[in-house]
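Next come the chains, spelled out residue by residue.
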Amino acid sequence: MKTDLTNQKLSKTIIGFSVPFLLSYFLQTLYGMADLFIIGRFCEKDSTTAVSIGSQVMHMLTVIIVGLAVGCTVNIGKAVGAKKREEASSVIGTSATLFCVISLFLTAFLLLFAKGIVSVMFTPAEAQTGTLSYLRICFIGIPFIVAYNIISSVFRGLGDSKTPMLFVIAACVVNIALDYLFIGRMFLGPIGAAYGTVLSQTFSVCFALIYMRFADIGVKIKLSHLIPKKSIVLSLFKVGLPIALQDGFIQVSFLVITMIANRKSLDTAAAVGVVEKLIGFFFLIPSSMLGAVSAVASQNIGAKKYDRAKQTLKYCAFAAAGFGLFFSVLMQFFAEPAVSVFTKDETVISMGADYLRGYIWDCMFAGIHFCFSGYFSACGKSVLSFVHNIISILTARIPLAYLASVRYESLLPMGFAPTIGSLISVVICLIMYIMLNSRLVGDNEKEI
């Protein structure tokens, strides 16, 4: 059902949109951890390592796909806000055809280079066979992963963040059930985990397509809308490609920091790995704020309600910063208990707590620049998000992490590297925001 995000009370609109979005992210996080948790209970550590490495590769691919899908959300949102239903239908149809082609190309390409990917990831010899099998099965399921994310982006562009949550719940329940069947009962190991992932995504997509067939989503899709329009394709890439590249580089930077930690010691690698899991949970709210800003602001920009779009950014940025500040202070006192949830090794707990006390401040600053990235995307200027993130990665995240790992035994200084990187992004975003909006004056504001 199409939802108008341009007229309701703004605080109610943001909460109503972001809470289901947050729950979807939370369920997706649990969905991603289910394979690893269940295989850890029934299999040896070579299988656990295989699924861990394979999941890392699949997470990177999913993040890039989600970034590309932002272009779909923003363009649909603008069309809906401008009351252009035919244009919204064309965007949906073009997106469906375009991403179908992309998914088939990705599947063929990744299957061809699956062995090379396993080697590049420095996969231990004992886990190489399991990792390769896991990835090949998951690569075959890429069209369904792409389809799910595009369908979700369509609903969010229409102002509906609740319906995609239903699709995630369906996938999560089926995945856990299949994991217990394939891994716990049939002892298929990494292959079973991969089958569970692909089949649950397939079920979720089928459920979504049936829902779209019979529900009134506010727009009608005809066969003619499936013929790609050059202007829409260019607009989708203009918004989505910088976000996809930005998110891809961020994932690469996380991988590089993990490699830096691996060079120090096994305890260091374990501590960094545990904290990365914790940070993933803390980043759920900033990520949901980014989605809320891009969807709500794009509809309001389409309706030429620019002040309301700016207010959306401000509300979400303050909410994300407040959340980040609260947990940053809290973790200064409860870092050890938080880390001990994932490990009982005293050395790892101590090192992880130091790393978390520095890293957790990134949640506050990242929450702010995530909101700016959502706003820039809504304005059709997602390249600005790409720019500030690349500057942050190259000037702070990676080099400072490396220097801290060389000069200090404690992981506390290394934890501050991503935090400083996000602070740099916030400063750049503020400058870009001022420059972008200096062109929008009074009643003579032009459509961005």
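Quick notes on the rules
Residues numbered from 1 in each chain as written. Predicted model: local features only at pLDDT ≥ 70, side-chain atom pairs only at ≥ 80, totals over all residues. Heavy atoms only, no water. Helix = DSSP H or I, 4+ residues; strand = E, 2+ residues; numbered from the N terminus. Contact = heavy atoms within 4.5 Å. Areas by Shrake-Rupley, 256 points an atom, 1.4 Å probe, with all protein chains shown as cover. Phe/Tyr/Trp six-rings, centres within 6.5 Å; stacked < 30°, edge-to-face > 60°. Expected span 1.5 Å × (residues − 1). 1 Å grid on protein atoms, 1.4 Å probe; cavity = no way out; pocket = protein on both sides within 12 Å on 5 of 7 lines; lining within 4 Å. Points joined across faces, edges and corners; volume = space filled by probe spheres on them. Nonpolar A, V, L, I, M, F, W, Y, C, P; charged D, E, K, R; others polar. Buried < 20%, exposed > 50% of the residue type's maximum accessible area, 1.4 Å probe, protein only. Core = buried A, V, L, I, M, F, W, Y, C linked by side-chain atoms within 4.5 Å. Axes fitted to C-alpha atoms, helices over the stretch in contact; angles between N-to-C directions. Parallel < 35°, antiparallel > 145°, perpendicular 65-115°, else oblique. Left-handed = near helix turned anticlockwise from the far one by under 90°. Disulfide = S-S within 2.5 Å.

1. Topic: the overall build of the protein
Within the protein, the secondary structure is distributed over 16 helices and zero strands. Restricting to contacts in the protein with at least 6 residues of sequence separation, those with at least 24 account for 83%. Of the accessible surface of the protein, which amounts to about 19800 Å², a share of 70% is contributed by carbon and sulfur atoms.

2. Here's the deal with the packing of aromatic side chains
Tallied over the full model, the rule gives 16 aromatic pairs. Ring geometry for F326 against F327: centres 5.1 Å apart, planes inclined by 85°, an arrangement best described as edge-to-face. Members of the aromatic cluster, joined through ring pairs, are F155, F167, F207 and Y211.

3. Structural notes on helix α7 (residues 162–185)
Compared with the 34 Å implied by 1.5 Å per residue over 24 residues, the 34 Å span of α7 between its first and last C-alpha is a close match. Taken from the residues just after α7, F187 is the one with a positive phi, measuring 55°.

4. Description of the layout of surface pockets
In this model, the second largest pocket occupies a volume close to 660 Å³. What lines the second largest pocket is a set of 28 residues, among which I92, A96, I151, L209 and M212 lie closest to the centre. If you tally residues by element for the lining of the second largest pocket, the top one is helix α6 (residues 142–157), at seven residues. By residue class, the composition of the lining of the second largest pocket is 21 nonpolar, three polar and four charged.

5. Notes on the environment of V233
With respect to the element layout, V233 can be found in helix α9 (residues 230–264). On the accessibility criterion, V233 (17% relative accessible area) is buried. As for V233 and G71, which are separated by 162 residues in sequence, their C-alpha atoms are 9.5 Å apart. With residues near it in sequence (within four places) discarded, V233 still touches T94, L98 and P228.

6. Things to note about the nonpolar core
Membership of the largest hydrophobic core comes to 55 residues, with the highest contact counts inside it found for M58, I76, Y134, L135 and F139. Counting residues per element, this core draws most heavily on helix α2 (residues 45–81), which supplies 11 residues. Setting aside anything within four residues of it in sequence, one finds M58 in contact with Y134, L135, C138, F139, I142 and I145. Ranked by size, the runner-up nonpolar core spans 34 residues in total, among them F17, A295, L313 and C371.

7. Observations regarding the environment of L166
If you trace the backbone, L166 turns up in helix α7. The spatial distance from the C-alpha of L166 to the C-alpha of S204 is 8.9 Å, given a sequence separation of 38 residues.

8. Section: the packing of helix α13 (residues 346–359) against helix α16 (residues 412–437)
Closest axis-to-axis distance for the α13/α16 pair is 7 Å, and the angle between their directions is 30°. As summarised for this structure, α13 and α16 are arranged roughly parallel, according to the angle between their axes. For the pair α13 and α16, the crossing hand works out as right-handed. Of α16, the residues touching α13 (which contributes D354, Y355, R357, G358 and Y359) are L412, M414, G415, F416, P418 and T419. The residue inventory of the contact of α13 with α16, partitioned by class, reads six nonpolar, three polar and two charged.

9. Section: the side chain of T107
Within the secondary structure, T107 is located in helix α3 (residues 85–112). In this structure, T107 is in contact with F139, I140, I142 and P143, ignoring residues within four places of it in sequence.

10. Here we look at the state of the cysteines
The tally for this structure, following the rule as stated, stands at zero disulfides. Looking at the unpaired C371, the closest cysteine sulfur is the one in C316, lying at 5.3 Å. Note on C371: relative accessible area 0%, which makes it buried.

Everything listed here is a matter of geometry and, on its own, says nothing about what the molecule does.
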